[in-house]
Each structure stands twice: as C-alpha cells, then as structure tokens.
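One-letter residues, chain by chain:
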Amino acid sequence: MIIAGGGFAAVEALLALRDLAQERVTLELIANDHALRYRPSATGQPFGAGEVAAFPLDELAERASATFRRDAVNAVMPTQRAIRLASGAVRRYDSLVLALGARRRAAIPGALTFRDQRDVHHLARILDELRDGTVRRVAFAAPLGVAWTLPLYELAIMTARLIEDEDLAASVVLVTPERRPLEVFGRAGSEIVGEVLAEHDIHLVGAALPRAVRRHGLELHYGGMVSADRVIAVPQLAGPQLSGVPADWNGFIATDADSRAIDLDGVYAAGDLTSFPVKQGGLATQQADAAARAIALAVGAPVTAQRAPYVLRARLLGPETPLFLRAELDDLGMPLGDGAVIDDASPWWPSGKVFGRYLSNCLAQLEPVHAAA
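In this text, all values refer to a predicted model and were calculated from it rather than measured experimentally. (Residues numbered from 1 in each chain as written. Predicted model: local features only at pLDDT ≥ 70, side-chain atom pairs only at ≥ 80, totals over all residues. Heavy atoms only, no water.)

### Quick look at helix H1 (residues 8-21)
For step 1, the next point in the chain: Along its 14 residues, H1 runs 20 Å from first to last C-alpha, staying within 8% of the 20 Å computed at 1.5 Å per residue.
For step 2, the next point in the chain: The buried count for H1 comes to 13 of 14 residues, which makes it a mostly enclosed element.
For step 3, the next point in the chain: At the C-terminal side of H1, Gln22 shows a positive phi close to 50°. (Helix = DSSP H or I, 4+ residues; strand = E, 2+ residues; numbered from the N terminus. Expected span 1.5 Å × (residues − 1). Buried < 20%, exposed > 50% of the residue type's maximum accessible area, 1.4 Å probe, protein only.)

### Observations concerning the environment of Gly318
For step 1, the next point in the chain: Looking at the element boundaries, Gly318 is found in the loop between strand S21 (310-316) and strand S22 (323-329).
For step 2, the next point in the chain: A relative accessible area of 7% places Gly318 in the buried class.
For step 3, the next point in the chain: The spacing of Gly318 and Glu129 is 189 residues in sequence and 20 Å in space, taken between C-alpha atoms.
For step 4, the next point in the chain: Setting aside its immediate chain neighbours within four residues, Gly318 contacts Ile157, Met158 and Arg161. (Contact = heavy atoms within 4.5 Å.)

### Section: the packing of H1 against helix H6 (residues 281-298)
For step 1, the next point in the chain: The interhelical angle for the contact between H1 and H6, taken along N-to-C directions, is 35°, at an axis separation of 8 Å. Along this stretch, H1 crosses H6, giving a crossing that reads as right-handed. For the pair H1 and H6, contact is made by Phe8, Ala9, Glu12, Ala13, Ala16, Leu17, Leu20 and Ala21 and by Gly281, Ala284, Thr285, Ala288, Asp289, Ala292, Arg293, Ile295 and Ala296, respectively.
For step 2, the next point in the chain: Of the residues that constitute the contact of H1 with H6, the class distribution is 12 nonpolar, two polar and three charged. (Axes fitted to C-alpha atoms, helices over the stretch in contact; angles between N-to-C directions. Left-handed = near helix turned anticlockwise from the far one by under 90°. Nonpolar A, V, L, I, M, F, W, Y, C, P; charged D, E, K, R; others polar.)

### Regarding the nonpolar core
For step 1, the next point in the chain: With 47 residues, the main nonpolar core has Phe140, Phe185, Ile202, Ile232 and Leu329 as its most contacted residues.
For step 2, the next point in the chain: For this core, the secondary-structure elements that each account for two or more residues are helix H3 (120-132), strand S12 (137-141), helix H4 (150-165), strand S13 (171-175), helix H5 (186-199), S21 and S22.
For step 3, the next point in the chain: Counting 45 residues, the second largest nonpolar core, distinct from the first, contains Leu60, Ala64, Ala291 and Val354. (Core = buried A, V, L, I, M, F, W, Y, C linked by side-chain atoms within 4.5 Å.)

Structure representation (structure tokens):
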C-alpha cells in the first residue's frame, strides 16, 4: 500500500491503515518533504501567538511500521497499478492513497498572498508600517474560486487587536465573496463571528468579488472600490493535475463516499486535492479515515463500514478567548441544521487547530521541531 503525500491526510491514512489492517498490509509513505508542517498555526506567528512546528515524516512512518521515501509522484499508471516518481523510479501498488494537497496560487493581483510561515515576514513588514503610520488602511480579501477563508478572519482580527492595543490610527476591512462571515459554519457560526468582527471595528464587505489592487485600494468586479493602503489575501486553491488521474477543470479529483477516486481501480484520494468544496485539515483526515477503512475491508480486516456526516472542527484565533467552531456538513459541503456549535473551550482533545482521529493523539506524543520554510 502506498500513501503519497506529507500532510495531515497522508499521515492520518498511514496511522489509520496500520491500526485497522494491522499486519495484513505493508505501508510506504512517499512525500517530497521531510516533515509534516503544522501550517494552520502560521497565522498566529506574526503576532507572537505561536509558530509552525514540524514533525519528521520518517519518525511518523516508523511509528506505523512503514517505510518512508522522500520523492515526488509525477504520474499514476492505473493499468499497471504503478506510480512514476520524480527520481525516475517506478513503484507498484495494490492500493494507492493520493494525499498531495492542493496548489496554492495568488489570485488577486497586487495583494500579498499569505500562504503559511513562508509569508510571515511580509505580513510583519505591513504591521511595522501600521506602527510607523505609513499604512492606515488594511484590507483582508478572499479570492474568487476555491479557498479556505478562516485564516483570513484570524489575520484580520489579530491585526485589529494590535491596532487597538497599540492605539494606532488605522482601520481594517474584510472583503469576501461569502454572503455572511464564515458561512460554511451556518447561520449560528456566522452570527458569532460577525459579533467578533464588530467588537474589533472590522468592517465586513460581503458578497464582494475582489479583482485587483489599484493605486487607491481594492477594485471589485462589476464596479466598486474598497479603500486600502495594503491588501492581504488567502490563496486560491487548485488540484495538482496529476498525470494519469482524471480531474475536473480545476484539477480536483472526484471521489465517492469511501474516498475512492472515480474510474480508477485501487486508487483513493483524501484532502485538498479532492473535489469536496471545503478544504480543511480536519476534513482531510476524515476522508483519509474513509479510505483506510475501505482498504482494510478489502484485505479482510474486521472493520465495520461506517458512514457519518463530515464534521468540520476549527479553532478561530484572534478573539481574547479563542473560539472553537463545530459544524456537520453534507456531501456538498453545506452545513446541516442550524450550523455551528460554538464554545470558548476545546470540545475535542487533544486541542488543536486540526483534529484527526489518529493524527491528533500521535502528534501530542511527539516533540515538534521548528519548521523552516
């Protein structure tokens, strides 16, 4: 069994397969990085609220009695049940789990696109400009297309708090195509997040389509301009467009309820590279669990076939007390019922920005190292 990728979904699939299938499978993890990087923590780093930690993939693989190969997957050859690697090697598989993540690309010309810890120094420069008065208006903008917007809210709220704490003459505006704040969490989640924005004097421009940064601010599609001296955006996401794997026009891979890639025998996909519209690490681990369960059943493990709604769990940094949001989603990524359950204390353990059934417990037992870019 080969698992391709080095993120949350890949490591969750590795740990879940070892637990569910036990000695029935041999496991190999292939990733083009040496470490799992806890990138969701990057939003707090410019404000001294944490840093991105890294966990060596070879150590994680050893915990699952798996081998680790540092390489990149260039193509899948489904008829041969094999993958071609960047090194030129060809590896054959009985089952393959693709967990390669998504491509992150700038989608608002002229804006600073904040991806992760690699862009912390750029944001730190803007914070310095706020302090010295050369910047007075900062806009945080979500692009058109597929994006995970929660980090944008965190950056906006923490910037507004810095302005309040240091008594700076500056303002923050948040511009998003969403009709309501963080609408993926339903009406209840939107209302509480909206209250947080209001408490910090963050002006929300919803149902807006950012186009490009101009001299006087952020230009919107179909007319309109949001005044801003600097614009910070989250990236637009696209699939990896892996040779040999059918994908939609945006490069995302369609899967069924068991995370099987459509029209590919023995191939599974989990995480941001799938066509599921909500891209978040905890959801990625649930897709990985579904793949692991299906593979374990196929090799004769005594696993019960479970199918439950996706559960989106997130911790929103920025407010004085972090908010923990939880919502059940249907197969289209829409919130079920009234939306989120909100708490100011973690309703899941171990506490973290990403929760995985196997991943969270494993990482809690390891000593992280600082993540270089």
